[in-house]
Amino acid sequence: MRNERCVNRLRRSVLALFALLAVCLLAGCSKHRDKIDLSEYEETEAATEAEETEAATETTKAVTATTAAEKTTTGSGGVTATIKTYSSGKVAIQYPVISGLPSSADTDAVNDKLRTNAIAIIEGWDLDEEKDAVEVSCEVLAASRNRVTAVYTGTVTTDASSYAVNVFFSNTIDVSKVEDVSLSDFADPYTLAGYVLSDDCTFYNADGQTSGLMEAKNDKTLKQYQSLFEAADFPVSKTFPECFSYEYEGTIFFSIPVSHALGDYAIVAYTPETK
């Protein structure tokens, strides 16, 4: 009997030991499973983040490519104008760079003139590039083997000024001659002076200022306007011109100076055949 009890006790001990081992093994497997599941989650999350990063990079590249495309204008005859920026201190001035002209020498000469004229306002207005803020954008209206026309708009805020001044200038280049085209090449300055002082004078993009501009334009005399138009456009001689012009689809556009309250400049539209 004693031996039987000992055997039974031993059997129960062995069974208890196996039960304990089974619990431990199950607990160990559970922990191991948890660890595997977490690893799979981390790997999936890492892969997702990598895909998102790659997608973001592709989006950035697409945006950059679109921006670059928007700043390139293709003209006639395979001529292309790409906008670049002169940047120095507080000055940022856009200007066009032309490609596709038959002669590389003409291409270099035209591009040199475009850049020189675009930044001429710095010296013409006696600006300090480290103190005076200049923001000028460029739009190319024409780019061909015959003519390049660029229009510039922006603001200048001098260190001594409490407000920004609106600026406008333009540059038309005869490609075959590599020469600047001025308002006098488009129309007679005396005729334009008479037109500005007449009731027929039409302002372009006046933005509700037409009545004020029609009154303000009469502050100058016929002779003063004629002198203003004779000195219009590039090249700059002694002082930076107060009048700039360009021709687009048969209409001549030219600027006249007005008060800051009226926008600092106004654009007059003149169509010769209707006048």
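Residues numbered from 1 in each chain as written. Predicted model: local features only at pLDDT ≥ 70, side-chain atom pairs only at ≥ 80, totals over all residues. Heavy atoms only, no water.

## Side note on the overall build of the protein
- Scanning the protein from terminus to terminus reveals 7 helices and 11 strands.
- Every one of the 275 residues in the protein was classed for burial, and the buried ones make up 34%.
- Restricting to contacts in the protein with at least 6 residues of sequence separation, those with at least 24 account for 54%.
- Accessible surface, the protein as shown: approximately 16,500 Å² in total, 52% of it carbon and sulfur. (Helix = DSSP H or I, 4+ residues; strand = E, 2+ residues; numbered from the N terminus. Buried < 20%, exposed > 50% of the residue type's maximum accessible area, 1.4 Å probe, protein only. Contact = heavy atoms within 4.5 Å. Areas by Shrake-Rupley, 256 points an atom, 1.4 Å probe, with all protein chains shown as cover.)

## Some remarks on helix 7 (residues 222–230)
- Every buried residue of helix 7 is accounted for by Tyr225, Gln226, Leu228 and Phe229. Seen from one end, helix 7 has its buried residues packed into an arc of 160 degrees, which puts them on one side. (Arc of directions from axis to C-beta.)

## What to know about the packing of helix 5 (residues 189–197) against helix 7
- The geometry of helix 5 relative to helix 7 is characterised by a closest axis approach of 8 Å and an angle of 130 degrees between their N-to-C directions. Taken together, the axis directions place helix 5 and helix 7 in an arrangement best described as oblique. The element helix 5 and its partner helix 7 pack so that their crossing is right-handed. Listed contacts from helix 7 to Pro189, Tyr190, Leu192, Ala193, Gly194, Val196 and Leu197 of helix 5 are Leu222, Tyr225, Gln226, Phe229 and Glu230. (Axes fitted to C-alpha atoms, helices over the stretch in contact; angles between N-to-C directions. Parallel < 35°, antiparallel > 145°, perpendicular 65-115°, else oblique. Left-handed = near helix turned anticlockwise from the far one by under 90°.)

## Some details on unusual backbone geometry
- Each neighbour pair has its own omega, and for phenylalanine 234 with proline 235 the value is 5 degrees, a cis peptide bond.
- Tracing the backbone through its elements, the reader meets proline 235 in the loop between helix 7 and strand 9 (245–248).
- For aspartate 207, which is not glycine, the phi torsion reads 55 degrees and is therefore positive.
- Along the chain, the position of aspartate 207 falls in the loop between strand 8 (202–204) and helix 6 (210–216).
- Assessed through its relative accessible area of 70%, aspartate 207 is described here as exposed.

## Here's the deal with the pairing of strand 3 (residues 91–99)
- When you tally the buried positions in strand 3, you get 7 out of 9 residues, the bulk of the element.
- Bridge analysis of strand 2 (residues 80–88) against strand 3 gives 9 bridges, and the strand direction is antiparallel. Bridged to isoleucine 83 within strand 3 is proline 96.
- What sits between the antiparallel neighbours strand 2 and strand 3 is a turn of 2 residues, in which glycine 89 has the positive phi angle 60 degrees. (Pairing = 2+ DSSP bridges.)

## Let's talk about the packing of aromatic side chains
- What the rule picks out here adds up to 13 aromatic pairs.
- Ring centres of phenylalanine 234 and phenylalanine 244 lie 5.2 Å apart, and the angle between their planes is 55 degrees; this geometry places the pair in the tilted category. With phenylalanine 234 in the loop between helix 7 and strand 9 and phenylalanine 244 in the loop between helix 7 and strand 9, the pair connects residues that are 10 residues apart, well separated along the chain.
- Classification of phenylalanine 244 as buried rests on a relative accessible area of 1%.
- Cluster of aromatic residues (ring-pair linked, three or more members): Tyr152, Phe169, Phe234, Phe240 and Phe244.
- The positively charged end of arginine 115 is found above the aromatic ring belonging to tyrosine 95, 5.9 Å away from the centroid. (Phe/Tyr/Trp six-rings, centres within 6.5 Å; stacked < 30°, edge-to-face > 60°. Lys NZ or Arg CZ within 6 Å of the ring centre and 35° of its normal.)

## Brief notes about the pattern of salt bridges
- In the structure shown here, the tally under the stated rule is 2 salt bridges.
- The salt bridge involving aspartate 180 is made with lysine 113; its shortest N-O contact spans 3.6 Å. One end of the pair, aspartate 180, is in strand 7 (residues 179–181); the other, lysine 113, is in helix 2 (residues 104–118), with 67 residues separating them in the sequence.
- On the accessibility criterion, lysine 113 (23% relative accessible area) is partly exposed. (Salt bridge = Lys/Arg side-chain N within 4 Å of Asp/Glu carboxyl O.)

## Describing the sheet that holds strand 8
- Taking strand neighbours across the sheet as the criterion, the 4 strands line up as 8-11-10-9 in an open arrangement whose pairing is antiparallel. Looking at which strands have only one partner, the edges of the open sheet turn out to be strand 8 and strand 9. Direction aside, neighbouring strands of the sheet carry axes that sit 35 degrees apart on average.
- Sitting on the sheet, helix 5 touches strand 8, strand 10 (251–257) and strand 11 (265–270), and the angle it makes with strand 11 is about 110 degrees.

## Let's talk about the confidence of the model for the protein
- On average, the protein scores 81 in pLDDT, and the residues at 70 or more come to 72%.
- The low-confidence segment residues 20–45 (pLDDT under 50) makes 0 contacts with residues lying over four places distant or belonging to another chain. (pLDDT = per-residue confidence, 0-100.)

## Observations regarding the nonpolar core
- Counting residues in each nonpolar core, the largest one holds 40 residues, and the members touching the most others are Ile93, Ile98, Val110, Ile121, Ile122, Tyr152 and Phe169.
- When contributions to this core are tallied by element, the ones reaching two or more residues are strand 2, strand 3, helix 2, helix 3 (120–124), strand 4 (133–143), strand 5 (147–157), strand 6 (165–174) and strand 11.
- Among the nonpolar cores identified, the runner-up in size contains 26 residues, and Tyr195, Tyr225, Ala232 and Cys243 belong to it. (Core = buried A, V, L, I, M, F, W, Y, C linked by side-chain atoms within 4.5 Å.)

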